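Fold and geometry: a report
Read off the chains here:
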Amino acid sequence: MTQRPTLPPLGALKAPSLSWNAASPYSEAFGDVYFSRENGRAETEHVFIHANHLPERFSHWRETRPFVIGETGFGTGLNMLCAWACFERHALRHARLHLISTEKYPLTREELAQALEAWPELASQTASLLTQWPAAVSGIHRLHLTDRVTLDLHFGDTCERLALLDGQVDAWFLDGFAPAKNPDMWQPELFHSMAARSRPEATFATFTCAGIVKRGLKAAGFRWQKVPGYGRKREMLAGRIDTPPLDGRRQQTPWFTPPAVKPAAHIVVIGAGIAGTSVAAALARRGLRVSMIEKQAIGAGGSGNQQGALYVKLAAQTNDQSRVYFSGLLYSRRWLENLDPAHRFWHDSGVIQLALSEKETRRQQRFLGNHSLPNSLLEGKDGHSLEKLVGMEVTAESALFYPQAGWVKPRKLCEHLLSRPGIRYRQGEVVRLNESPQGWLIHLASGETLEADQVVVANAQLANHFEQTREVPLQAVRGQVSTLALPENVEGPSSVVCAGGYVPPAVDGVLTFGASFMPNNATTQVEDQDHLSNIDELRRTLPALATALETAGVDLTPANLGGRAAVRAASPDKSPYAGPVPKADAWQQDYALLRKDATRVPAVAGQHYPGLWISAAHGSRGLASAPLCAEVIASRICDEPMPLEAPLVDHLHPGRRIISALIRAQ
Ligand SMILES: Cc1cc2nc3c(=O)[nH]c(=O)nc-3n(C[C@H](O)[C@H](O)[C@H](O)COP(=O)(O)OP(=O)(O)OC[C@H]3O[C@@H](n4cnc5c(N)ncnc54)[C@H](O)[C@@H]3O)c2cc1C
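Heads up: these notes are all about the structure in this document. Because the structure is predicted, anything quoted here is derived from the model rather than measured.

So, the side chain of histidine 141
Relative to the helices and strands, histidine 141 resides in strand 6 (residues 139-144). Within the local environment of histidine 141, its side chain forms a polar contact with the backbone oxygen of valine 137, the two atoms lying 2.8 Å apart. Sequence-distant contacts of histidine 141, that is, excluding residues within four places in its chain, are made with Pro134, Ala135, Leu151, Asp152, Leu153, Phe155, Leu330 and Arg334.

Encoded structure:
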């Protein structure tokens, strides 16, 4: 049985040890150039673009899914930028391109900029890449280069990354330093992973004719032929795979097998919070028609606060949940910068997680000991440096600082997302869903019925009130934020400061702080009790601010505070749900054997309601989780590569609790 691929450690990647050889980047580690400055672009066009027949294939591409290119070794990005330029030149108006590239030693943004200066004709593509270029940390980084072109950077070892890829490729660029200089990459696993992640008839091209490559490709099922190489290289290889092997990774977890792809011209999304609006925007970006149905108003639920923190809390020892949230934070950050470069509804003020107890200090130390993350993403701070970051006296002796995190105006964000072309907003309460020959009938409380090909349920704690979703466990958690108009001579913190709750920088002279946390409570009136607990938490987190307020004559009592209460939705394991809705009764039957023996996995694919999806259980950190979950769902609906590693996509599956309950019942 094929083993579930294991996720490599979450951490910083090594620098590529570059030098510049006649203005071309040269890898000291591999003793090889990235490209030749005289003819690098022409070589790329010859070896990768034309040997994969991309101009012809792009000009004929009429599929609703994107054309997918997979590359080993991003390097300076020259190949991917050339593929993108070729796509712009040849593809039809509605065609889309999805680029996947692995890289173990990512260049810095400055190095990339310097290297790509050699190609002024690619300046616009280069600029878009550089703006979004991520920090050198392991994982998948999704960049929306344009509405039609997406780049997934899979940072880490190529063989490991391809084993974790959940997606299929139409054309491979088999690049990377030559086999003699980089033997670790050109392993049999590389070719087997390429084969397993290929579409039928997928092509490949590579500059090398090394025996190990020819043998590896053949053993994995690729047919190849020698074709003329570029310039002084006499020969290179190009070829294809006719029938790729089945994905053996599903043997251990057949329940998570994705449902068959369905037509998706019109999709209904239920609930206009951050979960629903980010799914709607992700689908509309892909050219689909979306109807957003909202019971009350945009941001009527948990997503309606004036201000919220873009933050995460990561486990001391990396686990799947932390990986999802960390990827989510980095994705949200890039996504917000793309949506709102002028920072009208968000700010990257940084987030500080104070250690106010010995237990939390130890936890943070363990975290730092277990994770080598770049300082641009996360840094341990001591009391002295904290005061500079916060802009006032802080009692904590240490803290974790997330420079890229910050705060968001969630309601404004939801409104902005729905303003995109392709989304129709209408008010209505969805009371029932029925399958129909065309897809789904969506029944509203008003008695009206809508039709759609597919439905995404994103109505938070009410998401399991439909017949089909009733087995998706959700808990309501009431929360209330408090707000206070600051006197002129008192300023809020300059970063978001978190301890038990959070205090973001003031916006328009109003300080927001909170939030209370009351499980199994779905009430939404503003309560003095909650204000009192928020005041206590403010005093504990930023005593200097509480003192400054009182010195300025502010009476810190509920009577002086504004506030808003709403309900969060949480899953029992505190990870979100993002994926297809399982047919719970069928799962109970098909996997009943697990109750007796968890090692006897029935070879039956999980049954799902066709075209029914859920994004819910975003708990207290929806701003970090919902946008990435929206990508997970939109990518699956549109038959695209996933923005998370296969085990993490499974971790978010809405059916996971059914399986864990069966196994626990052993
Ligand atoms: C007080 C408070 C403070 C918070 N602070 C933060 C923070 O600082 N940072 C952070 O990341 N997260 C924060 N959260 C959590 C965050 O708000 C949630 O994770 C997020 O709002 C979840 O978004 P959602 O779209 O799933 O749900 P919601 O925003 O609740 O949206 C669900 C929508 O569905 C609609 N709906 C319900 N039923 C139906 C139906 N049958 N038909 C049609 N529409 C329906 C509702 O009216 C609602 O608009 C906070 C939550 C609370 C309560």
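Here the narrative resumes.
Quick word on the nonpolar core
Counting residues in each nonpolar core, the largest one holds 76 residues, and the members touching the most others are Val269, Leu283, Tyr402, Leu413, Val456 and Ile637. Counting residues in hydrophobic clusters, the runner-up holds 74 residues, among them Ile100, Leu112, Leu153 and Phe177.

Quick notes on the packing of helix 10 (residues 320-339) against helix 13 (residues 410-418)
One can describe the packing of helix 10 onto helix 13 by two numbers: an axis separation of 12 Å at closest approach and a directional angle of 65 degrees. The chirality of how helix 10 crosses helix 13 is left-handed. Contacts between helix 10 and helix 13 involve Trp335, Leu336 and Leu339 from the first element and Leu413, His416 and Leu417 from the second. Classifying every residue of the contact of helix 10 with helix 13 gives five nonpolar, one polar and no charged.

A look at the pairing of strand 10 (residues 222-228)
Bridge count for strand 10 against strand 11 (residues 235-241) is seven bridges, and the pairing is antiparallel. Bridging from a neighbouring strand, proline 228 pairs with glutamate 235 of strand 11. Where strand 10 folds back onto strand 11 in an antiparallel hairpin, the turn is made up of six residues, including glycine 231, whose phi is positive at roughly 60 degrees.

Structural notes on helix 11 (residues 358-370)
Taking 1.5 Å per residue, 13 residues should reach 18 Å; helix 11 reaches 18 Å between its end C-alpha atoms and fits that length. Among the residues of helix 11, those classed as buried are Glu360, Arg363, Gln364 and Phe367. Projected down its long axis, helix 11 carries its buried residues within an arc of 95 degrees, all on one side. Looking at helix 11, the residues exposed on the side facing more than 90 degrees away from the buried face are Glu358, Gln365 and Gly369. Contacts from the buried residues of helix 11 go to strand 16 (351-355) and strand 18 (398-402).

Observations regarding the packing of helix 14 (residues 528-541) against helix 15 (residues 543-551)
At their nearest, the axes of helix 14 and helix 15 sit 5 Å apart, and the two run at 110 degrees to each other. Between helix 14 and helix 15, the crossing angle belongs to the class labelled roughly perpendicular. Contacts from Leu538, Arg539, Arg540 and Thr541 of helix 14 reach helix 15 at Pro543, Leu545, Ala546, Leu549 and Glu550. Here the contact of helix 14 with helix 15 is built from residues that sort into five nonpolar, one polar and three charged.

A short note on the site of the ligand
If you check the shell around the ligand, you find 39 residues, and the closest are Glu294, Ser303, Ala309, Tyr502 and Gly619. For the ligand, an oxygen atom lies 2.9 Å from a polar atom in the backbone of glycine 302. At 2.5 Å, a side-chain N or O of serine 303 approaches an oxygen atom of the ligand. Relative to its free-state accessible area of 1000 Å², the ligand is covered by the protein chains to the extent of 95%. Elements that contribute at least two residues to the shell around the ligand include exactly helix 9 (274-285), strand 13 (289-294), strand 14 (308-310), strand 25 (475-485), strand 30 (562-570) and helix 17 (622-637). Looking at the shell around the ligand element by element, the count peaks at three residues for strand 25. Class assignment of the residues belonging to the shell around the ligand gives a composition of 18 nonpolar, 16 polar and five charged.

Points about the sheet that holds strand 20 (residues 423-427)
An order of 20-13-12-24-32-31 is seen for the six strands of this open sheet, with the pairing classed as mixed. Either end of the sheet is taken by a strand with one partner, and the two such strands are strand 20 and strand 31 (577-582). Adjacent strand axes in the sheet meet at a mean angle of 25 degrees when their direction is disregarded. Relative to strand 20, strand 13 is paired through five bridges, and the arrangement is parallel. From the neighbouring strand, methionine 292 faces strand 20, where its bridge partner is tyrosine 425. Its contacts with the sheet put helix 9 on strand 12 (266-270), strand 13, strand 20, strand 24 (454-457) and strand 32 (608-616), and the angle it makes with strand 13 is roughly 170 degrees. Where helix 17 meets the sheet, it contacts strand 12, strand 24, strand 31 and strand 32, and its direction lies at approximately 165 degrees from that of strand 32.

Remarks on the pattern of salt bridges
All told, the structure shown has 36 salt bridges when counted by the stated rule. Here arginine 478 makes a salt bridge to aspartate 530, at a shortest N to O gap of 3.2 Å. Taken together, the residues span a long stretch of sequence, with arginine 478 in strand 25 and aspartate 530 in helix 14 at a distance of 52 residues. The same class applies to arginine 478 as to aspartate 530, namely buried. Its salt-bridge partner being glutamate 537, residue arginine 540 comes within 3.5 Å of it at the nearest N-O pair. Of this pair, arginine 540 and glutamate 537 both sit in helix 14, three residues apart, which is roughly one turn of that helix. Looking at arginine 540, the relative accessible area reads 44%, which means it is partly exposed. A single salt-bridge network, built from bridges that share partners, covers Arg96, Arg142, Asp152, Arg285, Arg286, Glu631 and Glu640.

The rules behind these values
Residues numbered from 1 in each chain as written. Predicted model: local features only at pLDDT ≥ 70, side-chain atom pairs only at ≥ 80, totals over all residues. Heavy atoms only, no water. Helix = DSSP H or I, 4+ residues; strand = E, 2+ residues; numbered from the N terminus. Polar contact = N/O pair within 3.5 Å; in protein donor to acceptor, adjacent residues only side chain to side chain. Contact = heavy atoms within 4.5 Å. Core = buried A, V, L, I, M, F, W, Y, C linked by side-chain atoms within 4.5 Å. Buried < 20%, exposed > 50% of the residue type's maximum accessible area, 1.4 Å probe, protein only. Axes fitted to C-alpha atoms, helices over the stretch in contact; angles between N-to-C directions. Left-handed = near helix turned anticlockwise from the far one by under 90°. Nonpolar A, V, L, I, M, F, W, Y, C, P; charged D, E, K, R; others polar. Pairing = 2+ DSSP bridges. Expected span 1.5 Å × (residues − 1). Arc of directions from axis to C-beta. Parallel < 35°, antiparallel > 145°, perpendicular 65-115°, else oblique. Near = heavy atom within 4 Å. Areas by Shrake-Rupley, 256 points an atom, 1.4 Å probe, with all protein chains shown as cover. Salt bridge = Lys/Arg side-chain N within 4 Å of Asp/Glu carboxyl O.

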